[in-house]
Structures are given as structure tokens and as C-alpha cells.
Amino acid sequence: MIKICPYCDKELDEDNYCNNRYCWVYRNFIINPKDSQTTPKPAISIKDLNSEQDRILTKLKQVAIDKGHDYNGKQQVQGDTLYNLRVPSILGICDDPIQTCLMNAANKIMRLSSLRTTDPAVKGESFMDSVEDCINYLIYAGLFYKENE
Ligand SMILES: [Zn+2]
């Protein structure tokens, strides 16, 4: 009987090792493999993808409004809602706001890399929260870039 990795749904080798190098248990022994009789998990369809993109972008708009209010309410009203991301370059800590955005995005990438295999210690800040924050920082970086064009 074919045995399946419970993490990536690829076939295990005869010794119950997962040989899918994109699986987080790559080359590890699987104690409780799934058998081939189980229904495979459906793949991600374009409908699933577009629906998730819509969900994230709707959420990111609200996050930008809320964070703009909390980080720099005065500047948001005056029309500079990302002012707080200009501050590190005003202080000389970063070269420009783009670098500030990329640094923040890099922190989120590091967090994502770590959360891939562990549960977050900070409750209420899930893997998806960091994915969403990272997307927002990249959008901000793009806007600062366009500002200089
Ligand atoms: Zn696997």
C-alpha cells in the first residue's frame, strides 16, 4: 500500500521517509503516514486564490486606516498617512522611506520563516497576520518609490 506524508501529501519512500524537498519534514521519518485510501486535500484553485487576494486586500485597507490613525493621526488627516515610515530617514537611521519599508518587510519575513515550524509565542499574531503586514510594507515601498519617479 502506498503511504502518504501527512504534511505534504506526497508519496513516502519504502522506509517511511518524505523525499519532497519542499516539505518541512524533508528526509525525516514519518511515524503515522496516511494511506492512499484517504481523500487527497484539494489543490488551490484560481477561485480560492482570487478569493484570498480579495480578503487580504480588503483587510489591508482597513489596517492602513487604523494604523495610520494610531501611528500618526495628525499627519493622516493632513494627507501624509505613511509619515511614520518617513521618520527613520528624517532621523538619519535609514537612507530613505523605501529602505524603512524593506527593513520592516524583512523583519516580517524572518518571523514567517520562524513561524513555519513553530507556533507564535505572541498570541493574536498569526502566520497570516505577518504575511499581510509584509504585503502592506511592500505596497508602501512601491508608493514611496513612485513618489520619487
Ligand atoms: Zn512531506
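Scoring rules and cut-offs
- Residues numbered from 1 in each chain as written.
- Predicted model: local features only at pLDDT ≥ 70, side-chain atom pairs only at ≥ 80, totals over all residues.
- Helix = DSSP H or I, 4+ residues; strand = E, 2+ residues; numbered from the N terminus.
- Expected span 1.5 Å × (residues − 1).
- Buried ≥ 20, exposed ≤ 12 C-beta atoms within 10 Å, placed from the backbone.
- Arc of directions from axis to C-beta.
- Domains from an automatic or database assignment.
- Core = buried A, V, L, I, M, F, W, Y, C linked by C-beta atoms within 7 Å.
- Contact = placed C-beta atoms within 7 Å.
- Axes fitted to C-alpha atoms, helices over the stretch in contact; angles between N-to-C directions.
- Parallel < 35°, antiparallel > 145°, perpendicular 65-115°, else oblique.
- Left-handed = near helix turned anticlockwise from the far one by under 90°.
- Nonpolar A, V, L, I, M, F, W, Y, C, P; charged D, E, K, R; others polar.

1. Comments concerning helix H4 (residues 127-147)
Here H4 is 21 residues long and its end C-alpha atoms lie 31 Å apart, about the 30 Å a rise of 1.5 Å per residue gives. Every buried residue of H4 is accounted for by Ser-130, Asp-133, Asn-136, Tyr-137, Tyr-140, Ala-141 and Phe-144. Projection of H4 onto a plane perpendicular to its axis shows the buried side chains occupying an angular sector of 145 degrees, all on one side. In H4, those exposed residues whose orientation departs by more than 90 degrees from the buried face are Gly-142 and Lys-146.

2. Description of the domain arrangement of the protein
Quoted interface sizes are often the accessible area lost when the parts come together. Along its sequence, the protein is organised into domain 1 (1-41) and domain 2 (46-147). Centre-to-centre, using C-alpha coordinates, domain 1 lies 36 Å away from domain 2.

3. Concerning unusual backbone geometry
Among all residues except glycine, the phi angle is most often negative; among peptide bonds, the trans geometry is most common. Unusually for a residue other than glycine, Asn-16 sits at a positive phi of about 70 degrees. Secondary-structure assignment places Asn-16 in the loop between strand E1 (3-4) and strand E2 (34-35).

4. Comments concerning the nonpolar core
The biggest cluster of nonpolar side chains holds seven residues, and these are Leu-82, Leu-85, Cys-101, Tyr-137, Tyr-140, Ala-141 and Phe-144. Ranked by the residues each element gives to this core, the list is headed by H4, at four residues. Look past the residues within four positions of Cys-101 in its chain and what remains in contact with it is Leu-85, Tyr-137, Tyr-140, Ala-141 and Phe-144.

5. Examining helix H1 (residues 46-78)
Counted at 1.5 Å a residue, the expected span for H1 with its 33 residues is 48 Å, but the 40 Å between its end C-alpha atoms falls short. Counted residue by residue, H1 has zero buried out of 33 residues, so it is predominantly exposed. Looking at the residues trailing H1, positive phi occurs at Gly-79, about 105 degrees.

6. With respect to the environment of Asn-84
Considering the arrangement of structural elements, one finds Asn-84 in the loop between H1 and helix H2 (87-90). On the basis of neighbour counts, which here come to 17 C-beta atoms within 10 Å, the residue Asn-84 falls in the partly exposed class. Separated by 13 residues in sequence, Asn-84 and Pro-97 place their C-alpha atoms 9.2 Å apart. Once residues lying within four places of it in the same chain are set aside, the contact partners of Asn-84 are Tyr-71 and Asn-72.

7. Structural notes on the packing of helix H3 (residues 97-115) against H4
Where H3 meets H4, the axes come as close as 8 Å, and the angle between the chain directions of the two elements is 160 degrees. Taken together, the axes of H3 and H4 lie roughly antiparallel to each other. At the point where H3 passes H4, the crossing takes the left-handed sense. For the pair H3 and H4, contact is made by Pro-97, Ile-98, Cys-101, Leu-102, Asn-104, Ala-105, Lys-108, Ile-109, Arg-111, Leu-112 and Leu-115 and by Phe-127, Ser-130, Val-131, Asp-133, Cys-134, Tyr-137, Leu-138, Tyr-140, Ala-141, Phe-144 and Tyr-145, respectively. For the contact of H3 with H4, the residue count by class is 17 nonpolar, two polar and three charged.

8. What about the environment of Arg-111?
Within the secondary structure, Arg-111 is located in helix H3. In this structure Arg-111 comes out as partly exposed when scored by C-beta crowding, with 19 C-beta atoms within 10 Å.

9. Notes on the packing of H1 against H4
H4 packs onto H1 with a crossing angle of 70 degrees between their chain directions and a minimal axis gap of 10 Å. Taken as axis vectors, H1 and H4 run roughly perpendicular relative to one another. Contacts between H1 and H4 involve Ile-56, Lys-59, Leu-60, Val-63 and Ala-64 from the former and Glu-132, Ile-135 and Asn-136 from the latter. Partitioned by chemical class, the residues of the contact of H1 with H4 number five nonpolar, one polar and two charged.

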